[in-house]
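Below are the chains, spelled out letter by letter.
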Amino acid sequence: MTGTSTIAGRARAFVTTLLVSAIVVLATLGALLAVGHALPDAPPATLTAVGGAAALVVVFAIHRIIAGRLVWDGIRAVSDGLLSLAEGDFGVRLAVLRADEVGHLVGRFNALADKLRAHRSGVYQKEMLLEAVLAASETIAVITNEAGRIVYANAAAGQFFAVGARVEGERLADLLTLAPADVQVAAKAERDILFTCDRGDGAEPETFHLSKHPFELSTQRHTLFLLKPLTKELARKEVETWKKAIRVLSHEVNNSLAPVTSLVHSARLMAANPAGHEQRLGAALDTIEERATHLKTFLDGYASFARLPLPTKRTLPWKDLLAGVEGLYRFQLDGAPPAAPVFADPSQLQQVLINLFKNAAESGSAPEAISLAVCELQAGGVELTVADRGKGMTPEVLRNALLPFFSTKKTGTGLGLALCREIVEAHGGRLSLHPRDGGGLAVRCWLPPAPSSG
């Protein structure tokens, strides 16, 4: 069908060209005859000059009239339509009055405008859907430009900063000065971070997961900040964790008590008639003792988490504190520790380092890639960082890693990192997990400065 239309259009164009040519020839002859009748006595050279000039005027006039009718009107209409598209008006549509090349050009313009209008409508619908999703989301979403100014913020962001107005156009750094100190520290982190924040309104501390996603928009660098509240999710996870803990405890206790109960019954029968059963009775008692010892060790491990005593802090050099963990696990000391002594409970802080070194060694990291860095911060306090090059943590594991009894290991108790966080927070500090570029994990423990003696 398209081929037939094209052939017909070309045939019409050919006929139009012949007609125009004929009109031009006839008009030229007419102009020459008119000059001859008007100047019958003029010399031939004069007649030729005047007739040629008159013919040129007539041909030019005919060209303007016919070209304007056949070509220029359509081209100007398409040009005006393109200006409308450039200004974002995709509703423009031109009338197709002819079936020649100009008519095809107008038709193609209309088809282009229809596609652009449909595409824009689809983009608009997606923007509306995304806006609705972000508006209803509890996750705080903020987009900043290269200057650090907010170009987009959802409703949750306005509620979080509690400014009572739209935050678009404000500098994110200015709004962060109104936020708790924990949020300000987390905002400076280069990678995703899980942290606990005390809003200072008398409520319980809240847990958040902060992620940053840089991208380019209109050749300008932007950054998307996503701050996800995890308090409700963690509370639900905590209930699930306690249920899991009860199942684990019940399973382990039953596994120990079932054979013990059977052996006690057998031991009573053998004790009633000990002749010839001395060896079997001793083996039964040994098994009962072994299962009881195993059960005590198992329960003591869980009880140590629940009965963590308050830290007994004292001042001691970093060298003495680290000496208590050297030789237990291989690690590299990244730089010299601070000259100022640490103010902490030595045994509890050493337990934190032991647990972190144990996790690093079990992560698949090479021993020489496990490191410890201890540095003083300008903002105050000291930060310990245990880093490895193991398999790291997925985002899902990262969100749950600090929950008690959560473990990805088949034989893990899920208490190592939870106990570390309990100890660090009992010292007034913070513990956070950070994936490393190139693989691995970095665990950072911030401890507050020692109180002044004055």
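Scroll up to find the structure.
Bear in mind the structure is a predicted one, so any value in this text is a computation, not a measurement.

Criteria and thresholds
- Residues numbered from 1 in each chain as written.
- Predicted model: local features only at pLDDT ≥ 70, side-chain atom pairs only at ≥ 80, totals over all residues.
- Heavy atoms only, no water.
- Helix = DSSP H or I, 4+ residues; strand = E, 2+ residues; numbered from the N terminus.
- Expected span 1.5 Å × (residues − 1).
- Buried < 20%, exposed > 50% of the residue type's maximum accessible area, 1.4 Å probe, protein only.
- Pairing = 2+ DSSP bridges.
- Axes fitted to C-alpha atoms, helices over the stretch in contact; angles between N-to-C directions.
- Contact = heavy atoms within 4.5 Å.
- Phe/Tyr/Trp six-rings, centres within 6.5 Å; stacked < 30°, edge-to-face > 60°.
- Lys NZ or Arg CZ within 6 Å of the ring centre and 35° of its normal.
- Polar contact = N/O pair within 3.5 Å; in protein donor to acceptor, adjacent residues only side chain to side chain.

Colleague: Whenever I open this one, helix α3 (residues 101–136) confuses me. Can you help?
Modeller: Given 3.6 residues per turn, any residue in an α-helix points the same way as the ones three and four places further on. When the terminal C-alpha atoms of α3 are compared, their 53 Å separation across 36 residues agrees well with the 52 Å that a helix rising 1.5 Å per residue should span. Those residues of α3 not exposed but buried are V102, G103, V106, F109, N110 and A113.

Colleague: Where do I start with the sheet that holds strand β4 (residues 206–217) in this structure?
Modeller: Two orientations exist for strands paired in a sheet by backbone hydrogen bonds: parallel and antiparallel. Strand order across the open sheet formed by five strands is β2-β1-β5-β4-β3, with antiparallel pairing between neighbours. Of all strands in the sheet, those with a lone pairing partner are β2 (150–153) and β3 (193–197), marking the two edges. On average, each strand axis in the sheet is tilted by 25° relative to the strand beside it, whichever way the strands run. Relative to strand β5 (residues 220–229), β4 is paired through ten bridges, and the arrangement is antiparallel. Within β5, the position partnered with E216 by the bridge is R221.

Colleague: Can you walk me through the sheet that holds strand β10 (residues 382–387) in this structure?
Modeller: The five strands are arranged β7-β9-β10-β12-β11 in an open sheet whose pairing can be described as mixed. With partners counted over all chains shown, the strands left at the sheet margins are β7 (332–333) and β11 (430–435), one partner each. Direction of pairing for β10 relative to strand β12 (residues 441–447): antiparallel, over a ladder of six bridges. In the sheet register, A387 faces β12, and the bridge partner there is A442. Strands β11 and β12 of the sheet are contacted by helix α12 (residues 416–426), whose axis makes an angle of about 135° with β11.

Colleague: Help me understand the packing of aromatic side chains, please; the structure alone is not making it clear to me.
Modeller: By the definition in use, this model includes four aromatic pairs. Seen from their ring centres, F331 and F357 are 4.3 Å apart, and the 10° between their planes marks the pair as stacked. Taken together, the residues span a long stretch of sequence, with F331 in the loop between α9 (318–323) and β7 and F357 in helix α10 (residues 346–362) at a distance of 26 residues. Residue classification places F331 among the buried residues on the basis of a relative accessible area of 16%. Members of the aromatic cluster, connected to one another through ring pairs, are F160, F161, F195 and F208. Positioned above the aromatic ring of W446 is the side chain of R430, whose terminal nitrogen or guanidinium carbon lies 4.5 Å from the ring centre.

Colleague: In this structure, what is going on with the side chain of S432? I would like to understand it.
Modeller: Looking at the secondary structure, you find S432 in strand β11. Given the relative accessible area of 12%, S432 is considered buried. Among the polar contacts made by the side chain of S432, one reaches the side chain of H434 at a distance of 2.8 Å. Each residue touching S432, except ones within four places of it in the same chain, is listed here: I193, L194, A442, V443 and R444.

Colleague: Quick question: what am I supposed to make of α12 here?
Modeller: Taken as a whole, α12 has its buried residues at L417, A418, L419, C420, R421, I423 and V424. Just past α12, the residue G428 takes up positive phi, approximately 85°.

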